[in-house]
Amino acid sequence: MSESDVASWREAFSLFDKRGENKIPVSALGDLLRACGQNPTEAEIADLAAANKGADLDFQGFRRVLERPGGFDSPGDKEDLLRGFQVFDKQQTGYLGVGELRFLLTKLGEPMADHEVDELIKGVDVKDGQVHYGDFVDMILSN
């Protein structure tokens, strides 16, 4: 990693170091990883916290977590995501109902919270209760 990467990580770390002890609570780990460009699942965060025995993390410990193998892996490529949605598009129209999309995002895989889904759906056009999932995927990948 470059020196500028490490400097930006250190800056983000210091923002989460509320007590000024050069440590962050393990409960802030997921938010801090996301602030640094990673996209860990809740299960990964739980595993990382368990591996740290729930103790606070200093910057060096946090850096080891950041630099773990697969830490900066892409959330998936566009074609994989589109194929996943196509499975539920029985007429192959390129659209899914908002309710069906909400169900997929809150009940399958790593479930999202309703408020998270609401924010995602706000970012795409909804026509007649339908979402063009190609546009939805583009919006997700652009963030």
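Residues numbered from 1 in each chain as written. Predicted model: local features only at pLDDT ≥ 70, side-chain atom pairs only at ≥ 80, totals over all residues. Heavy atoms only, no water.

Caption draft 1: Structural context of the layout of surface pockets. In this structure, the second largest pocket spans a volume of roughly 160 Å³. As for the second largest pocket, its lining consists of Lys 23, Leu 48, Ala 51, Asn 52, Asp 56, Leu 57, Asp 58, Gly 61, Arg 64 and Val 65. Broken down by element, the lining of the second largest pocket gets its largest block of residues, three residues, from helix H4 (residues 59–66). Of the residues that constitute the lining of the second largest pocket, the class distribution is four nonpolar, two polar and four charged. (1 Å grid on protein atoms, 1.4 Å probe; cavity = no way out; pocket = protein on both sides within 12 Å on 5 of 7 lines; lining within 4 Å. Points joined across faces, edges and corners; volume = space filled by probe spheres on them. Helix = DSSP H or I, 4+ residues; strand = E, 2+ residues; numbered from the N terminus. Nonpolar A, V, L, I, M, F, W, Y, C, P; charged D, E, K, R; others polar.)

Caption draft 2: Quick look at the packing of aromatic side chains. The tally for this structure, following the rule as stated, stands at five aromatic pairs. The interplanar angle of 80° and the centroid separation of 5.5 Å between the aromatic rings of Phe 13 and Phe 59 together place this pair among those described as edge-to-face. Of this pair, Phe 13 sits in helix H1 (residues 3–16) while Phe 59 sits in helix H4; the two residues are 46 residues apart in sequence, bridging distant segments of the chain. Just as Phe 13 is buried, Phe 59 falls in that class too. (Phe/Tyr/Trp six-rings, centres within 6.5 Å; stacked < 30°, edge-to-face > 60°. Buried < 20%, exposed > 50% of the residue type's maximum accessible area, 1.4 Å probe, protein only.)

Caption draft 3: Highlighting the nonpolar core. Formed by 17 residues in total, the largest nonpolar core has its most connected members in Leu 29, Leu 32, Leu 33, Cys 36 and Phe 62. Elements that contribute at least two residues to this core include exactly H1, helix H2 (29–35), helix H3 (42–51) and H4. Ranked by size, the runner-up nonpolar core spans 16 residues in total, among them Leu 82, Val 98, Leu 101 and Met 139. (Core = buried A, V, L, I, M, F, W, Y, C linked by side-chain atoms within 4.5 Å.)

Caption draft 4: Broad picture of the sheet that holds strand E3 (residues 95–97). Pairing is antiparallel across the open sheet formed by three strands, whose spatial order is E3-E5-E4. Only two strands of the sheet have a single partner each, and these edge strands are E3 and strand E4 (126–127). The pairing of E3 with strand E5 (residues 130–132) spans three bridges and is antiparallel. Bridge assignment links Tyr 95 to a residue of E5, and that residue is His 132. Packing against the sheet, helix H6 (residues 98–107) makes contact with E3, E4 and E5, and its axis sits at approximately 85° to E3. (Pairing = 2+ DSSP bridges. Contact = heavy atoms within 4.5 Å. Axes fitted to C-alpha atoms, helices over the stretch in contact; angles between N-to-C directions.)

Caption draft 5: Here's a closer look at the environment of Asp 58. Note on placement: Asp 58 falls in strand E2 (residues 57–58). Between the C-alpha atoms of Asp 58 and Ile 24, which are 34 residues apart in sequence, the distance is 6.6 Å. What Asp 58 contacts, discounting residues up to four positions off in sequence, is Phe 13, Asn 22 and Lys 23. There is a polar contact of 2.7 Å between the side chain of Asp 58 and the backbone nitrogen of Gly 61. (Polar contact = N/O pair within 3.5 Å; in protein donor to acceptor, adjacent residues only side chain to side chain.)

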